[in-house]
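# Residue-level structural notes
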Amino acid sequence: MNNIAEQLNAAYHNIAENCHKYGRDPASVRLIAVSKTKPAAAISEAYLSGQRQFGENYPQELLSKAAELTELPELEWHFIGPLQSNKTRLVAEHASWVHSIDRLKIAERLSAQRPVDLGPLQVLLQINISNEASKAGISAAELPELAAAVAKLPLLQLRGLMAIPAPGDSERAFAEMQQLSKSLQQQHPGATELSMGMSDDWPLALQYGATMIRLGTAIFGARTYEKNE
Ligand SMILES: *Cc1c(COP(=O)(O)O)cnc(C)c1O
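Computed from a predicted structure; not experimentally measured.

### A look at the pairing of strand 2 (residues 53-56)
- Of the two faces of strand 2, the one carrying Q53 and G55 and the one carrying F54 and E56 are both buried.
- Since strand 1 (residues 30-34) and strand 2 lie parallel, the crossover through helix 2 (residues 40-48) that links them has a hand, and here it is right-handed.
- When strand 2 meets strand 3 (residues 76-79), the two strands line up parallel, connected through four bridges. Residue pairing across strands places F54 opposite W77, the latter belonging to strand 3.
- Crossover strand 2 to strand 3 through helix 3 (residues 59-68) is right-handed.

### Side note on the packing of aromatic side chains
- Throughout the structure, instances matching the rule amount to one aromatic pair.
- Summarising the aromatic geometry, the rings of F54 and W77 are spaced 6.3 Å apart at their centres and angled 55 degrees between planes, so their arrangement reads as tilted. Pair noted here: F54 is in strand 2 and W77 is in strand 3, with a separation of 23 residues, a long-range link.
- The exposure class assigned to F54 is buried, which follows from its relative accessible area of 0%.
- Geometry around Y47 places R52 over its ring, the cationic atom sitting 3.7 Å from the centre.

### Some thoughts on the site of the ligand
- Residues in close proximity to the ligand include V34, K36, N57, I80, I164, M198, S199, R214, L215, G216, T217 and R223, which together make up its full environment.
- In this structure, K36 approaches the ligand through a side-chain N or O atom, which is 2.6 Å from an oxygen atom.
- Within the side chain of N57, a nitrogen or oxygen atom sits 2.7 Å from an oxygen atom of the ligand.
- Here the ligand has 390 Å² of accessible area as a free molecule, and 91% of this is covered by the chains.
- When the residues that make up the shell around the ligand are grouped by side-chain class, the tally is five nonpolar, four polar and three charged.

### Some details on the side chain of R114
- Residue placement: R114 occurs in the loop between helix 5 (104-113) and strand 5 (121-127).
- As a buried residue without a salt bridge, R114 has its nearest oppositely charged side chain in D117, at a separation of 7.9 Å.

### Describing the nonpolar core
- By size, the foremost hydrophobic cluster in this structure holds 62 residues, and its most contacted members are L110, L125, L143, V150, L161 and M177.
- Discounting chain neighbours no more than four positions away, the residues touching L110 are L83, T88, V91, A92, V98, I101, L121 and L156.
- In terms of nonpolar packing, the next biggest core, distinct from the first, is built from five residues, I32, W97, L124 and M212 among them.

### A look at helix 1 (residues 4-21)
- Between its first and last C-alpha atoms helix 1 spans 25 Å; for 18 residues at 1.5 Å apiece the expected length is 26 Å, and the two agree.
- Among the residues of helix 1, those classed as buried are I4, L8, A11, I15, N18 and C19. Down the axis of helix 1, the buried set is contained in an arc of 105 degrees. They therefore lie on one face. Set apart from the buried face of helix 1 by more than 90 degrees, the exposed residues are E6, N9, H20 and K21.
- Directly after helix 1, the chain includes G23, whose backbone phi takes a positive value near 65 degrees.

### Regarding the layout of surface pockets
- Volume-wise, the second largest pocket comes out at about 240 Å³.
- Every residue lining the second largest pocket is counted, 15 residues in all, and those nearest its centre are A66, L72, L75, W77 and H94.
- The set of elements that each furnish at least two residues to the lining of the second largest pocket consists of helix 3, strand 3 and helix 4 (88-94).
- Split by residue class, the lining of the second largest pocket holds nine nonpolar, three polar and three charged.

### Describing the environment of N3
- Inspection of the secondary structure assignment puts N3 in the segment before helix 1.
- For N3 and L155, which are 152 residues apart along the polypeptide, the C-alpha to C-alpha distance reads 39 Å.

### Re unusual backbone geometry
- Within the chain, T37 stands out as a residue other than glycine whose phi angle is a positive 70 degrees.
- Assignment of secondary structure puts T37 in the loop between strand 1 and helix 2.
- The backbone of N131 sits at a positive phi, close to 50 degrees, despite the residue not being glycine.
- Residue placement: N131 occurs in the loop between strand 5 and helix 6 (143-151).

Procedures and definitions
Residues numbered from 1 in each chain as written. Predicted model: local features only at pLDDT ≥ 70, side-chain atom pairs only at ≥ 80, totals over all residues. Heavy atoms only, no water. Buried < 20%, exposed > 50% of the residue type's maximum accessible area, 1.4 Å probe, protein only. Helix = DSSP H or I, 4+ residues; strand = E, 2+ residues; numbered from the N terminus. Right-handed = clockwise from strand over helix to strand, strands pointing away. Pairing = 2+ DSSP bridges. Phe/Tyr/Trp six-rings, centres within 6.5 Å; stacked < 30°, edge-to-face > 60°. Lys NZ or Arg CZ within 6 Å of the ring centre and 35° of its normal. Near = heavy atom within 4 Å. Polar contact = N/O pair within 3.5 Å; in protein donor to acceptor, adjacent residues only side chain to side chain. Areas by Shrake-Rupley, 256 points an atom, 1.4 Å probe, with all protein chains shown as cover. Nonpolar A, V, L, I, M, F, W, Y, C, P; charged D, E, K, R; others polar. Lys, Arg positive; Asp, Glu negative; His and termini not counted. Salt bridge = Lys/Arg side-chain N within 4 Å of Asp/Glu carboxyl O. Core = buried A, V, L, I, M, F, W, Y, C linked by side-chain atoms within 4.5 Å. Contact = heavy atoms within 4.5 Å. Expected span 1.5 Å × (residues − 1). Arc of directions from axis to C-beta. 1 Å grid on protein atoms, 1.4 Å probe; cavity = no way out; pocket = protein on both sides within 12 Å on 5 of 7 lines; lining within 4 Å. Points joined across faces, edges and corners; volume = space filled by probe spheres on them.

Right, here's the structure in full:
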């Protein structure tokens with residue numbers, strides 16, 4: 001845990017280098033530090049070295065870390081995991097972003113439960129880009145209808161798309177996501193964000209237009225346990 005600052009520095013440096021290589025503006029790419037299973041102390045350490053955006057997968061874990069870290073005023077939570085109806089309130093009250101919207105019912109609950117004084121929740125629609133039976137997300141064909149419905153919700157702001165490709169399918173998947181993002185923006189010009197790329201495939205995601213890269217292992221080291229809800 002002692003080299004979180006170094007890992008962050010290295011990641012930002014690598015992102016800038018890859019942006020240069022692919023003709024991208026580094027300011028157009030955000031690094032989301034995925035802190036699931038890691039203690040609040042690790043998040044504080046990253047915050048002290050300048051990181052502000054953190055990703056969590058489990059509503060309860062997000063809640064307890066948010067409660068522990070109230071003294072970090074600029075910390076911004078990105079909820080990136082599967083979301084059940086009975087947990088939407090926790091997320092609506094604590095997250096700034098949700099990357100994993102794949103059902104209208106969940107989106108409607110988030111909008112209804114979002115405290116007005118926090119302003120709209122920023123949301124991405126999750127695409128099951130490798131068509132895996134076990135994975136969350138909608139198909140590309142379902143995108144226009146869900147996007148139109150989510151865009152109408154008063155306390156949500158539709159900002160773009162997210163995907164987690166199957167192992168070995170990254171390049172094809174990222175290329176298809178880039179096309180989907182372009183067609184989504186024709187109907188929804190504000191939906192410019194593309195959340196894709198993790199510790200082992202993010203340079204490729206960046207090449208295909210990723211604007212949000214979600215790094216866990218590369219920042220905080222290997223996870224020693226995996227939680228299931
Ligand atoms: C865990 C997780 C990550 C981070 O994965 P690493 O391989 O550790 O970088 C990114 N996105 C999602 C949705 C995750 O669940």
